[in-house]
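Structural description and commentary
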Number of protein chains: 2
Amino acid sequence: MANNLPYAFTCQSIPCDTDAMTEFDPAPHATSDDRPADLRAGAFQGVREARRNELAEDYVELIAELIHDQGEARPVDIAARLGVKVPTVSKTLDRLAREGLITRAKYRSVFLTDDGRSLAKECRRRHEIVLRFLISLGLDPVTAERDAEGIEHHVSERTLALFSAFASRS
Amino acid sequence: MANNLPYAFTCQSIPCDTDAMTEFDPAPHATSDDRPADLRAGAFQGVREARRNELAEDYVELIAELIHDQGEARPVDIAARLGVKVPTVSKTLDRLAREGLITRAKYRSVFLTDDGRSLAKECRRRHEIVLRFLISLGLDPVTAERDAEGIEHHVSERTLALFSAFASRS
DNA sequence: GCACAAAGTTAGACATGGCTAACAATCTGC
DNA sequence: GCAGATTGTTAGCCATGTCTAACTTTGTGC
Ligand SMILES: [Mn+2]
Ligand SMILES: [Mn+2]
Ligand SMILES: [Mn+2]
Ligand SMILES: [Mn+2]
């Protein structure tokens, strides 16, 4: 139920928070704003879901790339490119194997399963679209690469379509 | 050191990975591609850093909003809007307090410190810019809100400037 | 002003993601 | 084909972020 009663502006023993928001929506909207609350929750749910997959996505994308460029994907190379230590990679690879995205044998390099390959392809597509879009907007390539690496995990298919169209058009 | 020797295309007992990449860069670039490796690592470092702050950013932004809209920020309302359980919020608030972004007394609602308020303001600004940009690109408001909630933590100041300019111009 | 409802805290489980240290396997160069 | 370098694994530490269950405090309605 959360807030139902004349809660808005209790401001009891509270330091009444002068300018928490500097300039917000100046109109003091009426009590009943529960609609946005649920909507927001939906958005945050989605973001949390995306966050759970980010790392796996970065891994499989990178593994596919290494296999393509180097012929194999070794933990030491994965670690170097991600900027983490090898044991961190080893542990994460165990999880990815458990989740069916890769296969691995002790002391050998890593392979993608069909699922892994398919996820990698999807990730690469998103990465490319976001990157091309940012560059076509006028961003320098280094910053574009950095931002794309984070943004790629949080763009809906709809946004991707708009990004793609914009990059082509411009 | 990573890959120095004639490593590329060992493809020993390896299933030689037919079409890991479907269509990549078709030109089989020479062995020495170590430049991009370090660049990539830098990008990933930055993303990991951003990931560490995402949750705190969402919290302070939401807390500022609640204080503005409702007069106070109660754990139960934070939880409802984030879509998580109250004890989760309680524990996270402890961390934010430890980090000096909020103050709180047992069983009372939450306040932002000066640092917290300043971070909240910065987050709100980013959120607004990203949201306005996505909408001006043609995205529907609900999807825009969802995507903005994730993207906002991964846009550089440069990108923000370009987003801002685009939204104004269009 | 008391009983009950609502909100908040604490404890503890479990998964993730980072690290270091110690050990094991593999590979390379003679 | 062996010594030494490189790579990989395992164990274990720590912080975070989620949850449920049990308990405490606060607030409400009569
Ligand atoms: Mn990424
Ligand atoms: Mn990527
Ligand atoms: Mn957010
Ligand atoms: Mn936000």
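Residues numbered from 1 in each chain as written. Chains lettered and ligands numbered in written order. Predicted model: local features only at pLDDT ≥ 70, side-chain atom pairs only at ≥ 80, totals over all residues. Heavy atoms only, no water.

1. Looking at the packing of aromatic side chains
Basically, it comes down to this: Aromatic rings from Phe, Tyr and Trp, taking only the six-membered ring of Trp, are treated as a pair when their centres fall within 6.5 Å; an angle between ring planes under 30 degrees marks them as stacked, one over 60 as edge-to-face, and anything in between as tilted. We count a stretch as a helix when DSSP gives it H or I for four or more residues in a row; a strand needs E for two or more, and each element gets its number in order from the N terminus. Here's how the labels work: a residue is buried when its accessible area is under 20% of the maximum for its type, exposed when over 50%, partly exposed in between, all with a 1.4 Å probe on protein chains only.
Scanning all chains against the criterion turns up six aromatic pairs over all chains. Consider the rings of Phe133(A) and Phe133(B), whose centres lie 6.0 Å apart with planes at 50°: the pair is tilted. Of this pair, Phe133(A) sits in helix H4 (residues 114-137) while Phe133(B) sits in helix H4 (residues 114-137), on two different chains. Considering the side-chain rings of Phe166(A) and Phe166(B), the 5.5 Å spacing of their centres and the 75° angle between planes classify their relative orientation as edge-to-face. Taken as a pair, Phe166(A) in helix H6 (residues 157-169) and Phe166(B) in helix H6 (residues 157-169) lie in two separate chains rather than in one. As far as the burial class goes, Phe166(A) and Phe166(B) line up, both buried.

2. Quick word on the protein's contact with DNA strand D
For clarity, the cut-off: Definition of nearness: a residue and a molecule or strand are near each other if at least one heavy atom of the residue lies within 4 Å of the molecule or strand. Think of a polar contact as two N or O atoms within 3.5 Å of one another; within protein, one of them needs to be a possible hydrogen donor and the other a possible acceptor, and neighboring residues in sequence only count if both atoms come from side chains. In the scheme used here, Gly and all other residues not listed as nonpolar or charged are polar, with Ala, Val, Leu, Ile, Met, Phe, Trp, Tyr, Cys and Pro taken as nonpolar and Asp, Glu, Lys and Arg as charged.
In the region of DNA strand D, 22 residues are neighbours, and Arg48(A), Val76(A), Thr88(B), Lys91(B) and Arg95(B) sit closest. Within 4 Å of the protein, the contacting atoms of DNA strand D are drawn from sugar and phosphate to the extent of 72%. At 3.2 Å, a side-chain N or O of Arg98(B) approaches a phosphate oxygen of DNA strand D. For the surface near DNA strand D, the secondary-structure elements that each account for two or more residues are helix H2 (75-82) and helix H3 (86-98) of chain A together with helix H3 (86-98) of chain B. The element that contributes the greatest number of residues to the surface near DNA strand D is H3(B), accounting for five residues. Looking at the surface near DNA strand D residue by residue, the class counts come to ten nonpolar, two polar and ten charged.

3. Some thoughts on the environment of Leu62(A)
Residues and elements named next belong to chain A. Note the cut-off: Throughout, a residue-residue contact means that at least one pair of heavy atoms, one from each residue, lies within 4.5 Å.
Here Leu 62 shows up in helix H1 (residues 35-70). Considered as a pair, Leu 62 and Ala 148 are 86 residues apart in the sequence and their alpha carbons are 14 Å apart. If sequence neighbours within four positions are ignored, Leu 62 has contacts with Ile 78, Arg 81 and Leu 82.

4. With respect to the packing of helix H2 (residues 75-82) of chain B against H3(B)
A pair of packed helices can be characterised by two numbers: the angle between their axes and the separation between those axes. All names here are of chain B. Which entries qualify depends on this criterion: Here, axes are lines fitted to C-alpha atoms. For helices the fit covers the stretch in contact, and angles between N-to-C directions go from 0 to 180 degrees. Orientation labels follow simple angle bins: below 35 degrees gives roughly parallel, above 145 gives roughly antiparallel, 65 to 115 gives roughly perpendicular, and whatever is left gives oblique. Throughout, a crossing is termed right-handed when the near helix is turned clockwise from the far one, and left-handed when it is turned anticlockwise from it by less than a right angle.
The geometry of H2 relative to H3 is characterised by a closest axis approach of 9 Å and an angle of 110° between their N-to-C directions. If you check the angle between H2 and H3, you find them roughly perpendicular. Like other packed secondary-structure pairs, H2 and H3 cross with a definite hand, here right-handed. Along its contact with H2, which presents Pro 75, Val 76, Ile 78 and Ala 79, the element H3 presents Val 86, Val 89 and Leu 93. Its residues assigned to classes, the contact of H2 with H3 shows seven nonpolar, no polar and no charged.

5. Describing the coordination of the manganese ion (ligand 1)
A metal bound by six donors in octahedral fashion has ideal angles of 90 or 180 degrees, whereas one bound by four tetrahedral donors has an ideal angle of 109.5 degrees. Residue and element names in this part refer to chain A. For clarity, the cut-off: A 2.8 Å cut-off from the metal defines N, O and S donors, relaxed to 3.2 Å for Na, K and Ca; water is not in the atom list, so some sites may appear incomplete.
Looking at the metal site, the manganese ion (ligand 1) is ligated by Asp 58 (OD), Glu 149 (O), Glu 149 (OE), Glu 152 (OE) and His 153 (NE2), spaced 2.0 to 2.3 Å from it. Site description for the manganese ion (ligand 1): donor spacing in sequence, D-x90-E-x2-E-H. Between the two metal centres, the manganese ion (ligand 1) and the manganese ion (ligand 2), the spacing is 3.6 Å, with Glu 149 acting as a shared donor. In this pair, Asp 58 is assigned in helix H1 and Glu 152 in the loop between helix H5 (141-151) and H6, connecting sequence segments 94 residues apart. Overall, Asp 58 belongs to the buried group, its relative accessible area being 2%.

6. Examining H2(A)
Three- or four-residue spacings in an α-helix give side chains the same orientation, since the helix completes a turn every 3.6 residues. All names here are of chain A. Across the eight residues that make up H2, a large majority, six, are buried. Of the residues making up H2, those classed as buried are Pro 75, Asp 77, Ile 78, Ala 79, Arg 81 and Leu 82. Gly 83 sits one or two positions beyond H2 and adopts a positive phi of about 80°.

7. Structural notes on the nonpolar core
The condition that has to hold: To form a nonpolar core, buried Ala, Val, Leu, Ile, Met, Phe, Trp, Tyr and Cys residues must be joined to one another through side-chain atoms within 4.5 Å.
If you look at the biggest cluster of nonpolar residues, it comprises 28 residues, and the most contacted ones within it are Phe133(A), Leu134(A), Phe163(A), Phe133(B), Leu134(B) and Phe163(B). Sequence-distant contacts of Phe163(A), defined by excluding residues within four places in its chain, comprise Ile129(A), Val130(A), Phe133(A), Val155(A), Phe133(B), Leu134(B) and Leu137(B).

8. Let's talk about the side chain of Glu145(B)
Take Glu145(B): it is sitting in helix H5 (residues 141-151). With a relative accessible area of 18%, Glu145(B) lands in the buried category. The residues touching Glu145(B), leaving out its near neighbours within four places in the chain, are Arg40(A), His127(B) and Leu131(B).

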